[in-house]
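# A closer look at the structure
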Amino acid sequence: MKDIYQVIDTVRISEKATLLQELNNEYVFKVDRNANKLEIKRAIEQLFGKKVETVRTMNCSGKKKRERRADAGRTAHWKKAIVRLKDGETLDLV
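This text gives an overview of the structure that appears in the document. (Residues numbered from 1 in each chain as written. Predicted model: local features only at pLDDT ≥ 70, side-chain atom pairs only at ≥ 80, totals over all residues. Heavy atoms only, no water.)

### Considerations on the sheet that holds strand 2 (residues 26–31)
With respect to topology, four strands assemble into an open sheet ordered 1-2-6-3, the strand pairing being antiparallel. The sheet is open, and its two borders are formed by strand 1 (8–11) and strand 3 (52–60), each paired with just one other strand. Neighbour-to-neighbour, the strand axes of the sheet open up by a mean angle of 30°, direction not taken into account. Taken together, the six bridges between strand 2 and strand 6 (residues 78–85) define a ladder with antiparallel strand orientation. Within the sheet, the bridge partner assigned to Lys 30 lies in strand 6 and is Lys 80. With respect to the sheet, helix 2 (residues 15–24) is in contact with strand 2 and strand 6, its orientation differing from that of strand 2 by roughly 140°. Contacts from helix 3 (residues 37–48) reach strand 1, strand 2, strand 3 and strand 6, with the element oriented near 125° to strand 3. (Pairing = 2+ DSSP bridges. Helix = DSSP H or I, 4+ residues; strand = E, 2+ residues; numbered from the N terminus. Axes fitted to C-alpha atoms, helices over the stretch in contact; angles between N-to-C directions. Contact = heavy atoms within 4.5 Å.)

Written out as structure tokens, the structure is:
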């Protein structure tokens, strides 16, 4: 198993993430691309001391840059995790 500090990269704060937080008690994290749901759940529970109900993950592909030129590049691919906490649990992220 990986170290918990290698699994969780950053918290993603956006309009959609804030809406998920308010309506469903879900939080969005950028995680290591090789981390699985069990490692993400364990890392959140140990880092924040909260109980996790479910974890959903998705692989996000990097965006193309300079598409119309011959030296086209791409930003890095990354993985997103949407974590739902049990009822009564909250995270203070700000």
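That covers the picture; the talk isn't over yet.
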